[in-house]
Amino acid sequence: MTTVLCVPQWQGSAAKSARQLVVGATRSAEALQLGTVVTVPVVEGALEITDGIRAYGALVENVRLTGELLAGIDDFVITVGGDCGVEVAPIEAARQRYGDELRVLWIDAHADCYGPNDLRSGAFHGMVVRTLLGDGPALLTPHHPLNPEQLVHAGLRVAADVEREFIRTTGVRGYGVDDLERAADGLDGPTYVHIDLDVLDPAEFGSVGYPEPGGVPAQRLIEFVAGLGNVVGAGITEHAPSTDNANETAIIHNLGRALS
């Protein structure tokens, strides 16, 4: 059985379309058409920047609420956002369950390896990978962070110098669009798959806050994730629609089928 965990959080994004992530989370959950949908009652909170993080208090509370709901779900879970920050609790739960055997395949156009105070916007969704690896804001960093060898980037095509330096010093593996399939090498244990929809080519999927040219064709991504083995959890994030788009809905639906 599959449970879709809908987390309509938007405060982790600084995009002009950030509030559309609330709509996107609901539409993504509906598009999947998989099992039961459970929605996290995310809080709004203040938006000022604290310790380099925008809406810090709201994000911390949303992680707590997500973790509480996850604790009562025994099914295979696909988390839908919302911004990439919705992945903190699901990946921490998978880490606790599978320990060092867990692998996280982070499929995203962006590195998400900024540290607190690196971004003037304070947008947490640009810090999530670094946070999962134990070097993020104190109240959002998991109690049992991932080791660098547990995480693999895929579809990566945008990273700032500070992010590239973090990747270099930690030794996190990363693959771009051309060598996307190589990211699956060595993923022979329990694997959590994160998909930021901006990894897709914006000509096919443009309803994201930060579209980047030269992305992965949708069918190629669907076939790639369908071929992965031992997927124990997944997330689909950053859907920010302004209108109904049947093609984008179909892409989300097919990604969900491929993951489950």
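Going by the structure above, here's the rest.
Bear in mind the structure is a predicted one, so any value in this text is a computation, not a measurement.

**Notes on helix α3 (residues 88-98)**
For an α-helix, the turn length of 3.6 residues means that residues three or four places apart are oriented alike. For α3, every residue scored as buried is listed here: Val88, Ala89, Pro90, Ile91, Glu92, Ala94 and Arg95. Among the structural elements, α2 (56-70), β5 (76-81), β6 (103-107), α4 (128-132) and β9 (191-196) are those in contact with the buried residues of α3. Positive phi shows up at Gly99, right after α3, with a value of about 60 degrees.

**Looking at the pattern of salt bridges**
On inspection of all chains with the given rule, the structure shows 9 salt bridges. Here Arg95 and Asp100 are joined by a salt bridge, their closest N and O atoms 3.0 Å apart. Assessed through its relative accessible area of 12%, Arg95 is described here as buried. Note that Asp135 and Arg130 form a salt bridge whose closest N and O atoms lie 2.9 Å from each other. Under the relative-accessibility criterion, Asp135 is labelled partly exposed at 35%. In this structure, a network of salt bridges that share partners links the residues Glu61, Arg64 and Glu68.

**Concerning the side chain of Arg54**
Relative to the elements of secondary structure, Arg54 occurs in strand β4 (residues 53-54). We note that Arg54 is buried and unpaired, the nearest opposite charge coming from Asp83 at a distance of 7.5 Å. A polar side-chain atom of Arg54 sits 2.9 Å from the main-chain carbonyl oxygen of Ser13.

**Some details on the packing of α2 against α3**
Put simply, α2 and α3 touch, their axes get as near as 8 Å, and they point 45 degrees apart. With respect to each other, α2 and α3 are oriented oblique. The way α2 lies across α3 gives a crossing that is right-handed. Between α2, through Val63, Thr66, Gly67 and Leu70, and α3, the contact on the second element is made entirely by Val88, Ala89, Pro90 and Ala93. When grouped by side-chain class, the residues that make up the contact of α2 with α3 number 6 nonpolar, 2 polar and no charged.

The rules we used
Residues numbered from 1 in each chain as written. Predicted model: local features only at pLDDT ≥ 70, side-chain atom pairs only at ≥ 80, totals over all residues. Heavy atoms only, no water. Buried < 20%, exposed > 50% of the residue type's maximum accessible area, 1.4 Å probe, protein only. Helix = DSSP H or I, 4+ residues; strand = E, 2+ residues; numbered from the N terminus. Contact = heavy atoms within 4.5 Å. Salt bridge = Lys/Arg side-chain N within 4 Å of Asp/Glu carboxyl O. Lys, Arg positive; Asp, Glu negative; His and termini not counted. Polar contact = N/O pair within 3.5 Å; in protein donor to acceptor, adjacent residues only side chain to side chain. Axes fitted to C-alpha atoms, helices over the stretch in contact; angles between N-to-C directions. Parallel < 35°, antiparallel > 145°, perpendicular 65-115°, else oblique. Left-handed = near helix turned anticlockwise from the far one by under 90°. Nonpolar A, V, L, I, M, F, W, Y, C, P; charged D, E, K, R; others polar.

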